[in-house]
Each structure stands twice: as structure tokens, then as C-alpha cells.
Amino acid sequence: MAATGACVFHGALFSPLRPPRTSSLGSFKSAIPNPPRLAVSTTSMDHVASSSSPETTSTSSVTDLFGNARFDKTYKHATTAIVGVGSDSGTRFYSGSQDTEVRRSLKDYFEQSVEFIRSDTGPPRWFSPLESGSRMDNSPLLLFLPGIDGVGLGLIKHHQRLGKIFDVWCLHIPVRDRTPFTELLKLVEKTVKDEHRHSPKKPIYLAGESLGACLALSVAARNPHIDIVLILSNPATSFSKSPLQPVISLLEIMPESLQVSLPYILNLLKGDTSRLPLASVGDILQRIVSELSLDLAALSSHLSVLADILPVETLVWKLKMLKSASSDSNSRLHAVKAQTLILCSGRDQLLPSMEEGGRLRQFLPKCEIRRFSNNGHFLFLEDGLDLAATIRGASFYRRSQYLDYVSDFIPPSPAEFRKIFEDFSLVNFATSPVLFSTLEDGKIVRGLAGIPEEGPVLFVGYHMLLGLELAPMVGQFFKEKNIILRGMAHPMMFIKMKEGRLPELASYDSFRMMGAVPVTAKNFYKLLSSKAHVLLYPGGMREALHRKGEEYKLFWPEQSEFIRMAARFGAKIVPFGVVGEDDISEVVFDYEDQMKIPLFKKQIEELTGEAVRLRADMNGEVANQDVHFPGILPKLPGRFYYYFGKPFETEGRKEELRDRENAHELYLQVKGEVENCLAYLTNKRENDPYRQLLPRLAYQAKHGFTSEVPTFEI
């Protein structure tokens, strides 16, 4: 991903991540260090009782769902979590610690479903999950709309992480409830309107799977004036093409004495067809179950719970509702104006979800797709998806009407960081990066000890071919200094002017997760004002897509673009150089070569037309660059070397550097120091006995593959 994404970087910005500081994220609720994770109410109950623990109290009141569907939560000394499922027969409670993240599984889904559906009567209602105590100020509301199971626990594996950035409510539809789709639509719509009235400047997220996705689309279509963000997992808008269609007719005509429950059908997964009373029924069911098998095989040990969740009469009702929901939402697609993120599974055996995602994108004006090729229909309950991270990586998380790339940024957790950089582990291993920095006294040391701890800090340097230096550098800053380098990047990482040959925006999700922002003066201002650590490449795309023989040559604008802004906030400017690209690849088919061939010239024009134009008002080398992909010849990997020079201080020089001549003089000094860093590394690497791959492998084979490989003497 570094090779495809980094080439569009114009810079990078990341703020320091040092718990418990939250910087521009907003304040965490310090009075609620471990907020309770759930409150549930029905129309027959006005509030949920408090914990039996004398040290902990929790109250939550909810009016009738068809009235004012708001939770009014009050917590004191929340060391335990309270959960209640209201019913006419009473309320049950559970308690548990929230000190550490709990990884939920399918087993938890079924165990908690048992409690939800036991003696469960009454109308549909909202509940706030145990793990989802919102911990950030001004968190937006996320309403989860379940699929045909109706339990509302479909996000159980995501409750805790979602609860850190959202106020999460889930819709529970009792097993015996027969509320038609039109009434469910009114219920959700009423909630959305009430919440919009309560917080008109905040978005409302509707996360729906299958049936719930149809419900979300219909609500959004009926309320285009409300700021709604849709997160749709395998939407059932394609139900007309589903293998489930024949089930409706089959189960309706089947005599009651021959009707089978869902677990009985699922026994076919084990080849148990002898119990089927009619061969013709068995043939049809077996075809249907073959479609279900990939998604439901893992659930076979909980067939009795499935029988309670979806008895035959409920299954028939839900399938009919799917049909009406699909029809309703499809008829309203033209009216949907909401920002939409569609999650499509490649192995969905119940719906043609990949195909449907592409169809829906043609109708929805603000739609993006994320594909999960190895997942099945029940995406939220499967491995391979972190919903909170997916929403953030797609730049779909915001707390106001417009996305603010600075204040809405949520730093990645250590676990998220590890997952992101797993994709780059081979690059790190193959190139064995070496980083040097400069202490205040001018001494050069291996590592990042010379990097300023407090921002704002502006890193200005050389952009390697295809930006290959980014992943190792960003990763090392996070691991060694707990600092996030936030990158000012080309807008093509965030928006495409039209569909075409450019990589999907999903290709850049990991960069956005690590804090990349579109390169604009406004974002640059906000990042420096938030005391961030900023990574800026003045050479931009021209350096990252350089021609043959242009390794380590700077292509900077003639005018100083960043000096006066840095001085305004007293930022330290750290020049740096990186060498090593010529040790791993060689450009053999560059821009000049491609422009001589009509076919490639046309492709370059098409690619450039898909991207947002930058520096269109400039002339020369750094003017708006044509987008192209150079042909490169890989080599046996050499080594990457990074050298961060001594910082230039701008503190107290604001007035001095307002003068253009003074600013330009400093600009040239910074550029000259970057060139010195490149020259230093180019010269010193000649003395590195481990510059080549084979000596490094031999060293690590002897000392361990996690050992630090030596380099040249400083």
C-alpha cells in the first residue's frame, strides 16, 4: 500500500499520542472513568433499576419508543456495568468490569440472545449495550438496525470500540413481535427526528445489516433534511435475487405437521437428509441450505438458540418483511442524499452483496464501498472487520455537519497500529530501516532521541520514489516516540473526481487512520495550531514520481510555502533526508517515455482527469503534475537510511519572518540542510557492512530475527 498510496503525499501531520492527553480529540469524561455499558427499557417501564452494589449506581430512563425515545443516563462511581432487558415480567441485570477491552465472539452473541428472548414480550425498543458507554464529549449517536434475527446484538463484537466514539443504541425486536415494516420505519424515523431536534448540528448514524440496511435507506430517503450517515452491511435491497425467496412459498404451503424449524433445516449441513418427510421438500431445502452453509456452519452448535430466535412462524414473517423492506427501500433510492458507506461480503451466500454494492453506488450520490472478500453474510459477527476502524479509515467519522480532519481525528490504538503495520512488515524486514537524529548539541545518534517531544514540529524532507519511505518512518515514530506523524497528502487519497483507473479510495484507509489530511492551507493551519507533529513534502508528486536518474534530487517550489505559517506558531522545522530507493528498484519506464506512446499518453490524461488539481496556478517542475505510474524494475532489497537534522527554531521570529525575503532565506537554508542530509547518508552508507540483504539475513540468523542489525559508524 505504501507504493500506491504514498506517491500522493505532499506532507504528513500527526500529533503526539501520550495518554491521557486527548489534544484536539476533545476531553474524555473524566468524571466517568468506566461508564456503564447498557441500559434498556420497554414501554411498560420508565427506568432501569440501579445496581445492587452499594458503591455503584446507575439509572437510565426512557420514555415510550413511540414518544420521546431518549436515554437520560446518570452514572456515579461507575466501577461496574449494569444491563437490563425490560419485559412485562421484570428486568434482569448483569455486571462486569470495563477496565480492559473484552473481545466478544459468536458464543457471547448466543448466550446474551438467550437472556434477551427469554420471557420477551412487548414492542420493539432501544437498548444501549453494556460495553458502549460513550467516553468522548460530543459523540454522535449511532443507531443499530438489526437483520432478520431482530435481537439487536449484531454489533456485539464492536460494542466496546464503537462506544469510545459513539453513543450507541441498538434496536431490539422481540421474537413474537409482528410490527410490520411500515411501523418499524415510523419508529426509527421518530427517534431520528427527536434526536435531530435535540442535537441539530450533529450527524446521526444508522448502521444496518440486511433488513436493517433497507430500513436505514428508507428512513434517510424520507428525511433528506436531516444529517444522516448510513453504514450498510450487505443490504437486502437485492432480496429479489436471493435464494431465500423460495422459502416463503415453501413454508407457507407446508402442512404444520411437516414444518421444520431452522435448526432442523441446518442439520442438512451435516448431510442429515434422512429425517426429511418429503423428498421434494428436502431437495429445495438442501439447495437453500447450501447457500446458508458458509455463513451458518459456525453457528451449528447453537441450533437450539437459533430455534428460539427464528421459529418457523417468525422466520416466515421476517422473510415477508425482507421482501417488503427491499421493495420500499428500492423505490426510495432516488431520494437518498445521505453519506453512505456500504460494506460488501464476497462470500455472502444469502444475497449477491458484491454486485448489489456496485448497483447502489450508481444511485447514491455520496456513496463509498468497502469490500470484504473472505467474509460471509453475517459480516458484523465475523472476524476480519473492525467497524470503528473501518468508519474512521473511510473518513466517515465526524461530530458535526462537516468533517474536520484535525478535531475529528481519533489516534489509532496500539492494537490498531499493529494491525495497520502488519501489511508493511515485509517492507520493514526487507529494508531493515536505520534512523538517525541530531541532538541539541549537534551530535548525531542512532534512533529518534533528537526529535522534539512537544509540538508543533514540522518535518520537511525528500519524498522517495512512490513514497516508499513512509511506512517504516511513521511506524518507527509511533513505536519509539509514541508520536503520530500526520501527513498532508494529495486530495486523491480522499476524493475522486470520477470513477476510472485510479486506485479505490479504500487503498488509502490505513493512511487516513494514521492521520493523513488533504493538503490545504486551512488544514496546515489547524494542525500547527493543535501542536501536532507535521510531515510535509514540498516536492510532492513531482519527487515521488520522478524520472530516470533523478534519485535524491529535490523539486521544491521557488516560493517559500511553509516558513511563515510555521513561524506563526513557533514551530520547530526539522529537515530530513532518506536514501535507499535505488537499492530496491530502478525506474525503467518514466513519464517522458510514456508520453511518447499514444496509448500511455491517453491513460495519463484519464488518470489526471480523475484527480483533484493541485498547484494549478504555478509554473515549472512543481506545477500540477500529471498522474502516472512509472515502470520500475525491482532489485534485491538494499537498506533504507533516514537522517533528521538539527531543528530550525522559529519561536520568537514571527515578526521577522513575516518579511518575504527573510522567510525565503530560511526556506533556502532548510532546503540546503535537506540536501546535506541526503549527501551525508549517500556517503556513509558505503561503509555499512550490512547494506545488502544477504549480510543482514546472516546477522539475524545468528543473533535472532528481531535483533537490531548494526550499521556504519557515526
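Identification of the protein chain as Serine aminopeptidase S33 domain-containing protein from Citrullus colocynthis is taken from an unreviewed UniProt entry. A UniProt comment under Sequence similarities (unreviewed entry) is attached to the protein chain, and it reads "Belongs to the diacylglycerol acyltransferase family."

Student: I would appreciate a short explanation of the nonpolar core in the present structure.
Tutor: In summary, soluble globular proteins display a tendency toward joint burial of nonpolar side chains. Residues Val188, Leu206, Leu230 and Ile231 are the most contacted members of the largest nonpolar core, which totals 88 residues. In terms of residue count, the dominant contributor to this core is helix H5 (residues 211-222) (nine residues). Once you skip the residues sitting within four places of it in the chain, Ile231 turns out to touch Tyr205, Leu206, Ala207, Gly208, Leu341, Leu343, Leu387, Ile391 and Phe396. Formed by 87 residues, the second largest nonpolar core is a distinct cluster that contains Phe477, Ile563, Val578 and Leu666.

Student: What am I meant to see in the environment of Trp126 here?
Tutor: With respect to the helices and strands, the residue Trp126 is situated in strand S8 (residues 125-128). For the pair Trp126 and Val168, spaced 42 residues apart in sequence, the C-alpha separation works out to 9.7 Å. Looking at Trp126, its side chain comes within polar contact range of the side chain of Thr191, at 3.0 Å.

Student: Sorry, what's going on with unusual backbone geometry here?
Tutor: In terms of backbone geometry, most residues other than glycine have negative phi values and most peptide bonds are trans. Backbone torsion omega between Gly455 and Pro456 reads 5 degrees, so that peptide bond is classified as cis. Tracing the backbone shows Pro456 in the loop between strand S16 (444-446) and strand S17 (457-461). Even without being a glycine, Lys531 presents a positive backbone phi close to 60 degrees. Considering the arrangement of structural elements, one finds Lys531 in the loop between helix H17 (521-529) and strand S20 (533-536). Positive phi outside glycine occurs at Tyr552, with the angle close to 65 degrees. Positionally, Tyr552 belongs in the loop between helix H18 (540-544) and helix H19 (563-568).

Student: I tried to follow the pairing of strand S14 (residues 367-372) on my own but got confused; where do I start?
Tutor: A regular strand places its side chains on the two faces of the sheet in alternate fashion. Of all six residues making up S14, five are buried, and the element is well covered by its neighbours. Across six bridges, strand S13 (residues 339-345) lies against S14 in parallel orientation. Following the sheet pairing, Cys344 is matched in S14 by Arg371. Note that the unit made of S13, helix H11 (residues 353-363) and S14 has a crossover that is right-handed.

Student: Would you explain helix H23 (residues 693-703) in this entry?
Tutor: Counting along an α-helix, one turn takes 3.6 residues, and residues three or four places apart therefore face a common direction. All of the buried residues along H23 are Leu693, Arg696, Tyr699 and Gln700. The arc that holds every buried residue of H23, seen down its axis, measures 130 degrees, which confines them to one face. Among the exposed residues of H23, those pointing more than 90 degrees away from its buried face are Leu694, Ala701 and Lys702. Lining the buried residues of H23 we find helix H14 (425-431). Where H23 ends, the next residue or the one after it, Gly704, has phi of about 105 degrees, a positive value.

Cut-offs used in this document
Residues numbered from 1 in each chain as written. Predicted model: local features only at pLDDT ≥ 70, side-chain atom pairs only at ≥ 80, totals over all residues. Heavy atoms only, no water. UniProt positions renumbered as here; feature names shortened; annotations may be inferred. Core = buried A, V, L, I, M, F, W, Y, C linked by side-chain atoms within 4.5 Å. Buried < 20%, exposed > 50% of the residue type's maximum accessible area, 1.4 Å probe, protein only. Helix = DSSP H or I, 4+ residues; strand = E, 2+ residues; numbered from the N terminus. Contact = heavy atoms within 4.5 Å. Polar contact = N/O pair within 3.5 Å; in protein donor to acceptor, adjacent residues only side chain to side chain. Pairing = 2+ DSSP bridges. Right-handed = clockwise from strand over helix to strand, strands pointing away. Arc of directions from axis to C-beta.

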